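So the chains spell out like this:
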Amino acid sequence: ALWVPLYGGFGARGAVAGQKVVRVDVSDPLNPSTDAGVDLSGLDLHAFDGGSPVARPYAIAASGNQLFVALNNLNPDTYVPEGPGLLAKIDATTLAVSVIDLGADKCLNPVWLATSGTNVVVACAGAANYDFVTYALTSVDKAGMVVVDLTGARQASWTSECPADAG
């Protein structure tokens, strides 16, 4: 079976269609089937003051029977990060879910991940800042990489930064 994140559509109404991770059985390729999956909409997303983020599962990596799912944690309408970068950790056997906080000081908007031995390496897209006159991207906050072990303890982080004259 394959595990697939369901991101959802645009806006708050579209987000309702996602926020799940489903198991897809392709043992009969002509008749694939899915199960009810794991609903992530009720997770505590550690919202910043006044925020109302949506889980938005983006990517999955597996280690044994543990699934690690990058949660964008964005506002459903503006796509601005409204909580720290998070991972959902799902036990593929029991479907129990826990949340791993990657730290708002190092990671906003996690978008991709991979396992490496006993660690999970997470790529964070950060929060984009724009010049609202020219619509040019001026900077990105809290983008980079975070490494956590399989229990969720942060092991290392790296923050990317573009030169001021990057054009």
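These numbers were taken from a predicted model, which means no experiment stands behind them.

Cut-offs applied
Residues numbered from 1 in each chain as written. Predicted model: local features only at pLDDT ≥ 70, side-chain atom pairs only at ≥ 80, totals over all residues. Heavy atoms only, no water. Core = buried A, V, L, I, M, F, W, Y, C linked by side-chain atoms within 4.5 Å. Buried < 20%, exposed > 50% of the residue type's maximum accessible area, 1.4 Å probe, protein only. Helix = DSSP H or I, 4+ residues; strand = E, 2+ residues; numbered from the N terminus. Contact = heavy atoms within 4.5 Å. Pairing = 2+ DSSP bridges. Axes fitted to C-alpha atoms, helices over the stretch in contact; angles between N-to-C directions. Polar contact = N/O pair within 3.5 Å; in protein donor to acceptor, adjacent residues only side chain to side chain.

Trainee: Would you mind going over the nonpolar core with me for this structure?
Mentor: Where a protein is soluble and globular, its nonpolar side chains tend to be buried together. The biggest cluster of nonpolar side chains holds 14 residues, and the ones touching the most others in it are Leu40, Leu71 and Ile90. Secondary structure elements with two or more residues in this core: β6 (66-71) and β7 (86-91). In contact with Ile90, other than residues within four places in its own chain, are Val21, Val38, Leu40, Asn65, Gln66, Leu67, Val69, Leu95, Ala96 and Val97. Of all hydrophobic cores here, the second largest spans 13 residues; its members include Leu102, Val120, Cys124 and Val146.

Trainee: What exactly am I supposed to notice about the sheet that holds β7 here?
Mentor: Taking strand neighbours across the sheet as the criterion, the 4 strands line up as β5-β6-β7-β8 in an open arrangement whose pairing is antiparallel. If you trace the sheet from one side to the other, it starts and ends with β5 (57-63) and β8 (97-101), each paired once. When strand polarity is set aside, the average angle formed by the axes of neighbouring strands in this sheet is 25°. As paired elements, β6 and β7 share 6 bridges and run antiparallel to each other. Bridge pairing in β7 places Val69 opposite Ala88.

Trainee: When you look at the sheet that holds strand β14 (residues 154-159) in this model, what are you seeing that I'm missing?
Mentor: The strands making up a sheet are joined through hydrogen bonds of the backbone, oriented either antiparallel or parallel. Across the sheet, which stays open at both edges, the 4 strands sit in the order β9-β10-β13-β14 with antiparallel pairing between neighbours. Because the sheet does not close on itself, it has two edges, and the strands there are β9 (110-116) and β14. Strand after strand, the sheet turns through a mean of 15° between neighbouring axes, direction not considered.

Trainee: Any chance you could explain the environment of Asn75 here in plain terms?
Mentor: Mapped onto the elements, Asn75 comes out in the loop between β6 and β7. Assessed through its relative accessible area of 11%, Asn75 is described here as buried. In this structure the C-alpha to C-alpha distance between Asn75 and Gly50, which are 25 residues apart in sequence, comes to 11 Å. Apart from the residues lying within four places of it in its own chain, the contact partners of Asn75 are Ser52, Pro53, Val80 and Glu82. A distance of 2.7 Å separates the side chain of Asn75 from the backbone nitrogen of Asp77, its partner in a polar contact.

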